[in-house]
Amino acid sequence: MKRYFQASMLLMGLLLIQSTTASAQCPIKEQIMNGDDGGEGLEKANRERDKTPVSHTLIIFFDKKTGSKPLLKAIKKQGCTLLYKYKEFSAVAVKVDEKHDVDKAIADFKKVKGVTSVNKDGIMQIQ
C-alpha cells in the first residue's frame, strides 16, 4: 500500500511539473493575457495564421438515410484519400490531392447525392 502511495505521489509531481512547463512555452498567450505589447501579439498571430498554406483536408457530412455509398464512390472517382469515417455523426475526412484545386473539389462534393455540407478542415473560432 505504501508503494502505491509513493508511486501515485511521484506521478502527481510529474504531472504538476509538466503542466507548469507547458504553460510557460506560449509567449503569444502571455502577451495577449498581460497586454504588455499593445495588441501587437494578436495581430502577429493573425498574420501568421493568414500565411499558412491551404488545407487539403475536407470534412464532408452526409445524410444518414442516403448513406455513404455515393460519397465513397465520388471520393474514389476524384482520386482523394479517405482519412477517417466518423462513427458519432455521418461524416468523413478526406485528403484532396495536392495537385487538385480544393475549392473545385468542394463544389464537386456538394453535388454528390446525400452530401449535406463540405468544410475545409481547420480551427473554428467563435467570437
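Our structure's up above, just so we're on the same page.
Residues numbered from 1 in each chain as written. Predicted model: local features only at pLDDT ≥ 70, side-chain atom pairs only at ≥ 80, totals over all residues. Heavy atoms only, no water.

1. Side note on the overall build of the protein
1) Next: For the protein, the helix and strand inventory stands at 5 helices and 4 strands.
2) Next: In the protein, the order of α-helices and β-strands from amino to carboxyl end is α-α-α-β-α-β-β-α-β.
3) Next: Residue burial in the protein is summarised as follows: out of 127 residues, 20% are buried.
4) Next: Total accessible area on the protein stands at roughly 10400 Å², and carbon and sulfur atoms take up 58% of it. (Helix = DSSP H or I, 4+ residues; strand = E, 2+ residues; numbered from the N terminus. Buried < 20%, exposed > 50% of the residue type's maximum accessible area, 1.4 Å probe, protein only. Areas by Shrake-Rupley, 256 points an atom, 1.4 Å probe, with all protein chains shown as cover.)

2. Description of helix 5 (residues 102-110)
Residues separated by three or four positions in an α-helix point in the same direction, a consequence of the helix having 3.6 residues per turn.
1) Next: Looking only at helix 5, the buried set comprises Val102, Ala105, Ile106 and Phe109. Down the axis, helix 5 shows its buried residues gathered within 105 degrees of arc, on one side only.
2) Next: Looking at the buried positions of helix 5, the neighbouring elements they touch are strand 1 (57-62), helix 4 (69-78) and strand 4 (115-120). (Arc of directions from axis to C-beta. Contact = heavy atoms within 4.5 Å.)

3. What to know about the nonpolar core
1) Next: Ranked by size, the top nonpolar core spans 17 residues in total, and within it Leu58, Ile60, Leu71, Ile75, Val92, Phe109 and Val118 carry the most contacts.
2) Next: Contributing elements (two or more residues each) for this core: strand 1, helix 4, strand 3 (91-95), helix 5 and strand 4.
3) Next: Every residue in contact with valine 92, bar those within four places of it in the chain, is listed here: Leu58, Ile59, Ile60, Phe62, Leu71, Ile75, Leu82, Tyr84, Lys85 and Tyr86. (Core = buried A, V, L, I, M, F, W, Y, C linked by side-chain atoms within 4.5 Å.)

4. Some thoughts on the sheet that holds strand 1
1) Next: Ordered in space as 2-3-1-4, the 4 strands form an open sheet in which the pairing is antiparallel. Single-partner strands in this sheet number two, and they are strand 2 (81-86) and strand 4. Strand-to-strand, the axes of this sheet are offset by a mean angle of 20 degrees, without reference to chain direction.
2) Next: Here 5 bridges tie strand 1 to strand 4, and the two strands are oriented antiparallel to one another. Looking across to strand 4, one finds that isoleucine 60 is bridged to valine 118.
3) Next: Most of the contacts of helix 5 go to strand 4, to which it runs at about 165 degrees, and overall it touches strand 1 and strand 4. (Pairing = 2+ DSSP bridges. Axes fitted to C-alpha atoms, helices over the stretch in contact; angles between N-to-C directions.)

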